[in-house]
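Examination of the molecular architecture
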Amino acid sequence: MEAWQRPEGYWLGTARSYADSPGWSEQEQKEVAVLRERERELVGAIVTHAF
């Protein structure tokens, strides 16, 4: 994600800058993909449950 700056008075009374994000490592991307797949499985189990 590119760097950005919050304008003064937007949420707080002072401006704030944020540096460029280095992004996710390949390992982090894999972990998120596994967690999202598990989430889809659990949502299906919940939505189709007999209750």
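About the thresholds
Residues numbered from 1 in each chain as written. Predicted model: local features only at pLDDT ≥ 70, side-chain atom pairs only at ≥ 80, totals over all residues. Heavy atoms only, no water. Salt bridge = Lys/Arg side-chain N within 4 Å of Asp/Glu carboxyl O. Helix = DSSP H or I, 4+ residues; strand = E, 2+ residues; numbered from the N terminus. pLDDT = per-residue confidence, 0-100.

What follows deals with the pattern of salt bridges. Across all of its chains, the model carries three salt bridges by this definition. Between Glu-26 and Lys-30 there is a salt bridge, and its shortest N-O distance comes to 3.6 Å. Of this pair, Glu-26 and Lys-30 both sit in helix H1 (residues 26–47), four residues apart, which is roughly one turn of the helix.

The subject of this paragraph is the confidence of the model for the protein. Confidence in the prediction for the protein averages 85 pLDDT; 84% of positions are at 70 or higher. Mean pLDDT values over the elements of the protein span from 74, in strand S2 (residues 16–18), up to 96, in H1.

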